[in-house]
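Descriptive analysis of the structure
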Amino acid sequence: MPTHLRELKVAPGMSGGAQFFEDFLRRIDRYHEMRDFPAQKGPSYLSVHLRFGTVSVRQLAAAAWQQGGRGAQAWLSELIWRDFHHQILWHRPDIAGGHAFKPQYDALPWPNPPGHFEAWCAGRTGYPLVDAAMRQLDQTGYMHNRLRMVAASFLAKDLLVDWRLGEKYFADKLIDFDLAANSGGWQWAASVGCDAQPWFRIFNPVTQSERFDAQGRFIRRYLPELADVQDKFIHAPWTMPAAEQQRTGCMIGLSYPAPIVDHAAQRVRALDLFKQAAYVS
Ligand SMILES: Cc1cc2nc3c(=O)[nH]c(=O)nc-3n(C[C@H](O)[C@H](O)[C@H](O)COP(=O)(O)OP(=O)(O)OC[C@H]3O[C@@H](n4cnc5c(N)ncnc54)[C@H](O)[C@@H]3O)c2cc1C
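Reading the values: the criteria
Residues numbered from 1 in each chain as written. Predicted model: local features only at pLDDT ≥ 70, side-chain atom pairs only at ≥ 80, totals over all residues. Heavy atoms only, no water. Salt bridge = Lys/Arg side-chain N within 4 Å of Asp/Glu carboxyl O. Helix = DSSP H or I, 4+ residues; strand = E, 2+ residues; numbered from the N terminus. Buried < 20%, exposed > 50% of the residue type's maximum accessible area, 1.4 Å probe, protein only. Domains from an automatic or database assignment. Contact = heavy atoms within 4.5 Å. Buried area = accessible area lost by both parts, 1.4 Å probe.

To continue, consider the pattern of salt bridges. Close approach of charged atoms lets side chains of opposite charge pair. This model, assessed by the stated rule, comprises 16 salt bridges. Linking Asp 23 and Arg 27 is a salt bridge whose minimum nitrogen-to-oxygen distance equals 3.2 Å. Between Asp 138 and Lys 173 there is a salt bridge; the shortest N-O distance is 2.5 Å. Of the two residues, Asp 138 sits in helix H8 (residues 128-140) while Lys 173 sits in helix H10 (residues 163-173), which places them 35 residues apart along the sequence. On the accessibility criterion, Asp 138 (46% relative accessible area) is partly exposed. Residue class for Lys 173 comes out partly exposed when judged on its relative accessible area of 28%.

Shown next, in the form of structure tokens:
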């Protein structure tokens, strides 16, 4: 079985949940250092068990509290995020119907350029970290948290596609789909939610990649067409000289797409979208 499937294979039922948690407790002390690097086994992978109720969140929280230390504290704060989103949904059930938490953002005129949403779903945007993330989702039903933030931000603020399309796509694909957490995550990334990422803060998909997958280990796992690309080109393969493309057999525009948009230009358009709509003070 390919490594990524073995890695994410979900042991079902309460015994499966207990097994995942036992495994995670051996790693919990390093959670705060490891959790952002998708090539590492950093997080707990317990979301699917939490979603189906095959672990008790009270027991998890009590165990983390008892364990103490920076790793357990960081993890406890993630469980609190889960609770936070559930509270928001309870108090604002309208967000389940695709409404932004901040109503003034409901009518933002997302351009939705043709083909962009489809390229994002297929993992063919030309930005390796985003594409690897989307293929992880497609192949396993899971996506690492850092990548959910990057992929969601990219759809809304680089591709200028309405975040609700991405929210629906995640809902269809995620094995841990949770109405409150998914809606909260998307509204955070698109800067339309409660306690959201400020609208002027836009992830750069290349620097995120350099920072969180420096050697491109995660990228190569899901994008075999980039397997032989050198580390220095792996985050932005379109910068490979023609001779290097020949040598590695990775022809940009043929074996792997050229970037669908220019991040710097799209960043300006995204800022204009938020500014022009006069929804910001
Ligand atoms: C756009 C977007 C969509 C998301 N959709 C979902 C979803 O449908 N279902 C879901 O469970 N989580 C969702 N999340 C939150 C988070 O990405 C996942 O909970 C996490 O990746 C699950 O992996 P894990 O169990 O290994 O996490 P760990 O890092 O081990 O975290 C432990 C638990 O804390 C909770 N948690 C962690 N981060 C968050 C968060 N940001 N918001 C709410 N709860 C959190 C989850 O229950 C998770 O299982 C989404 C985040 C974003 C940015």
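Examined at the domain level, the protein breaks down into domain 1 (3-91) and domain 2 (97-281). Each of domain 1 and domain 2 has a C-alpha centre, and these two points are 24 Å apart. In this complex, domain 1 contributes 22 residues to the contact, which on the side of domain 2 involves 27 residues. Counting each side, the surface lost to burial between domain 1 and domain 2 is near 2,200 Å², with a carbon and sulfur contribution of 63%. There are one salt bridge connecting domain 1 and domain 2.

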